[in-house]
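Below are the chains, spelled out letter by letter.
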Amino acid sequence: MKKYFAAAALAGFSLGAAAQGQVNIICSVQAEWCNMLSTVYARTTGVKVNVSMKGSGEALAQLIAEKENPKTDIWFGGTGDPHLQAAEQGLTLEYKSPSLPQLHEWAQQQARQSNYKTVGIYSGPLGFGYNPELLAKKKLAVPKTWADLTRPEYKGDIQVANPASSGTAYTMIATLVQLMGEEKAFDYLKSLHKNVSAYSRSGTGPIKAVARGETAVSISFVHDGPGEKMQGFPVETITPADGTGAEIGSMSIIKGSRNLEASKKFYEWALTPGAQEMAAAAKQFQLPSNKAAKVDARVPDFKKIKFINYDYAKYGASAERRRLISRWEKDVNSLPR
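Let us look at the structure shown here.

The rules we used
- Residues numbered from 1 in each chain as written.
- Predicted model: local features only at pLDDT ≥ 70, side-chain atom pairs only at ≥ 80, totals over all residues.
- Heavy atoms only, no water.
- Helix = DSSP H or I, 4+ residues; strand = E, 2+ residues; numbered from the N terminus.
- Rg over C-alpha atoms; globule rule 2.2 N^0.38 Å.
- Buried < 20%, exposed > 50% of the residue type's maximum accessible area, 1.4 Å probe, protein only.
- Contact = heavy atoms within 4.5 Å.
- Areas by Shrake-Rupley, 256 points an atom, 1.4 Å probe, with all protein chains shown as cover.
- Lys, Arg positive; Asp, Glu negative; His and termini not counted.
- Charge placed at Lys NZ, Arg CZ, Asp CG, Glu CD.
- 1 Å grid on protein atoms, 1.4 Å probe; cavity = no way out; pocket = protein on both sides within 12 Å on 5 of 7 lines; lining within 4 Å.
- Points joined across faces, edges and corners; volume = space filled by probe spheres on them.
- Nonpolar A, V, L, I, M, F, W, Y, C, P; charged D, E, K, R; others polar.
- Salt bridge = Lys/Arg side-chain N within 4 Å of Asp/Glu carboxyl O.
- Disulfide = S-S within 2.5 Å.
- Expected span 1.5 Å × (residues − 1).
- Polar contact = N/O pair within 3.5 Å; in protein donor to acceptor, adjacent residues only side chain to side chain.
- Pairing = 2+ DSSP bridges.

So, about the overall build of the chain. Helices and strands together make up the secondary structure of the chain, namely 15 helices and 10 strands. Here the chain has a C-alpha radius of gyration of 20 Å; the compact-globule value for 337 residues is 20 Å, and the two agree. Projected onto the principal axes, the alpha-carbon positions of the chain cover approximately 60 × 40 × 30 Å. The proportion of buried residues among the 337 residues of the chain is 57%. In the chain, the share of contacts with a sequence separation of at least 24, taken over all contacts with a separation of at least 6, comes to 78%. Total accessible area on the chain stands at roughly 13,800 Å², and carbon and sulfur atoms take up 52% of it. Taking the average place of the 41 positive charges on the side chains of the chain and the average place of its 31 negative ones, the gap between the two points comes to 2 Å.

Below you can see the structure in the form of structure tokens.
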């Protein structure tokens, strides 16, 4: 971690600085990344960093509950749709960062669509995780398309998160609706439901279950696979040949932040190449939004993936998210398996 202290110092943050207030962060990426960001920033600036780790659906629910008396300053990471919903509901603060021109167009677009109440910090494609050892043992083929997951031989061998609490799972629903049309997408989700053994609370839960041999296949962001593999677990990833969506992980300043100046300083630091390169050091392999950040070789090659033209504005709207999740609860999750 020493190199990141040095990088932070070079970026204009003095090591051993006197304490300069605090910043309270809801962090919706993996724990190791949250911990590295908070530790490096605290040690290099003297700012006290308080981190609460929550999935993006849970984070949004907390911000809604605390609207009249916010206890959070920054929301870091998690799928972009809930960040857009927070912006729409007036939960986050308009802030036009001077760093925007340094970011990829998709990250700037996220900022524009939210009237600069959020910004893209990384992107990652949706796909499947699978355990090759378990597939071989059960004589199952590697799934290559969305349709493959509904084949009867996968019954009880698939895990996906619950869209009410997980941005990953909501991205799946929104992707399928855009790929197939809504009625066919919900027919598909009903067929998939028969093969799902569990709906986890968080989006990373299913691929961790795959890695540990608890299930054969997951629907996950594929950048969550390499970190599990680095720990020695048998896990591989693939993106569906018929098309997929991608998340734009985002960052927002909370309206009513009690530590606004400290929040803006953290926000700017989090957009620097040095800060964004910490993701790979924490075994997270999304594509960073800063064009100057080094891209780890394990980050999925976006040029080799068939992406749909994901409508982030439409599916990031609160009413659309509520409607689709409500329909999933009523039409899919209520069915027996």
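Back to the text.
In this structure, the largest pocket spans a volume of roughly 410 Å³. The wall of the largest pocket is formed by 27 residues, among which S28, V29, G55, S202 and T204 lie closest to the centre. For the lining of the largest pocket, the elements supplying multiple residues, two or more each, are α3 (56–65) and α7 (167–180). In terms of residue class, the lining of the largest pocket is made up of six nonpolar, 16 polar and five charged.

Inspection of the entire model under this criterion finds 16 salt bridges. One salt bridge connects R323 with E182, and the closest N-O pair in it is separated by 2.8 Å. Here the residue R323 occupies a position in helix α15 (residues 318–333), and E182 occupies one in helix α8 (residues 182–193), the gap between them amounting to 141 residues. Here the residues in one salt-bridge network are E182, E183, E320, R323, R327, K330 and D331, joined through shared partners.

The next subject is empty space enclosed by the protein. Tallied over the full model, the rule gives two cavities of 30 Å³ or more. As a volume, the largest cavity reaches approximately 40 Å³. Contributing to the lining of the largest cavity are I25, C27, C34, L37, S38, V49, V51, F76 and F266. The set of elements that each furnish at least two residues to the lining of the largest cavity consists of β1 (22–27), α2 (31–45) and β2 (48–53). Ranked by residue count, the leading element in the lining of the largest cavity is α2, at three residues. One number sums up the size of the second largest cavity: a volume of about 30 Å³. Around the second largest cavity, the lining residues are T79, G80, D81, T171, A246, E247, I248, Y310 and Y312. Taken together, the elements giving at least two residues each to the lining of the second largest cavity come down to α4 (80–88) and β9 (246–253). Split into classes, the residues belonging to the lining of the second largest cavity amount to four nonpolar, three polar and two charged.

Moving on: the side chain of Q284. Structurally, Q284 can be placed in the loop between α13 (278–281) and β10 (287–288). Residue classification places Q284 among the buried residues on the basis of a relative accessible area of 5%. With near-sequence residues (within four places) excluded, Q284 lies in contact with Q30, W33, D224 and A279.

What follows deals with the state of the cysteines. Taken as a whole and assessed by the stated rule, the structure comprises one disulfide. For C27, the disulfide goes to C34, at an S-S distance of 2.1 Å. Across the S-S bond linking C27 and C34, the dihedral sits near -95°, which makes this disulfide left-handed. In this structure, C27 and C34 share a single accessibility class: buried.

Let's shift gears to α7. Under the 1.5 Å per step criterion, the end-to-end length of α7 is 20 Å for 14 residues, consistent within 8% with the ideal 20 Å. The element α7 is extensively covered by neighbouring structure, given that 11 of its 14 residues are classed as buried. Within α7, burial applies to G167, T168, A169, Y170, T171, M172, I173, A174, T175, L176 and V177. By the N-cap criterion, in which a side-chain oxygen at the helix start approaches the backbone nitrogen of a residue two or three places on, α7 is capped by S166, the distance to T168 being 3.1 Å.

Looking at the secondary structure, you find A270 in helix α11 (residues 260–270). Given a relative accessible area of 3%, A270 falls into the buried group. In sequence terms A270 and F76 are 194 residues apart; their C-alpha atoms lie 9.0 Å from each other. Here A270 is in contact with F76, M251, A275 and Q276, once residues within four sequence places are set aside.

Judged by how many residues are buried, β9 sits mostly within the fold: eight of eight residues are covered. Neither face of β9 is left uncovered, since the one carrying A246, I248, S250 and S252 and the one carrying E247, G249, M251 and I253 both have all their residues buried. When strand β3 (residues 74–76) meets β9, the two strands line up antiparallel, connected through three bridges. Bridging from a neighbouring strand, I74 pairs with I253 of β9. Where strand β4 (residues 119–130) meets β9, six bridges bridge the pair, whose relative direction is antiparallel.

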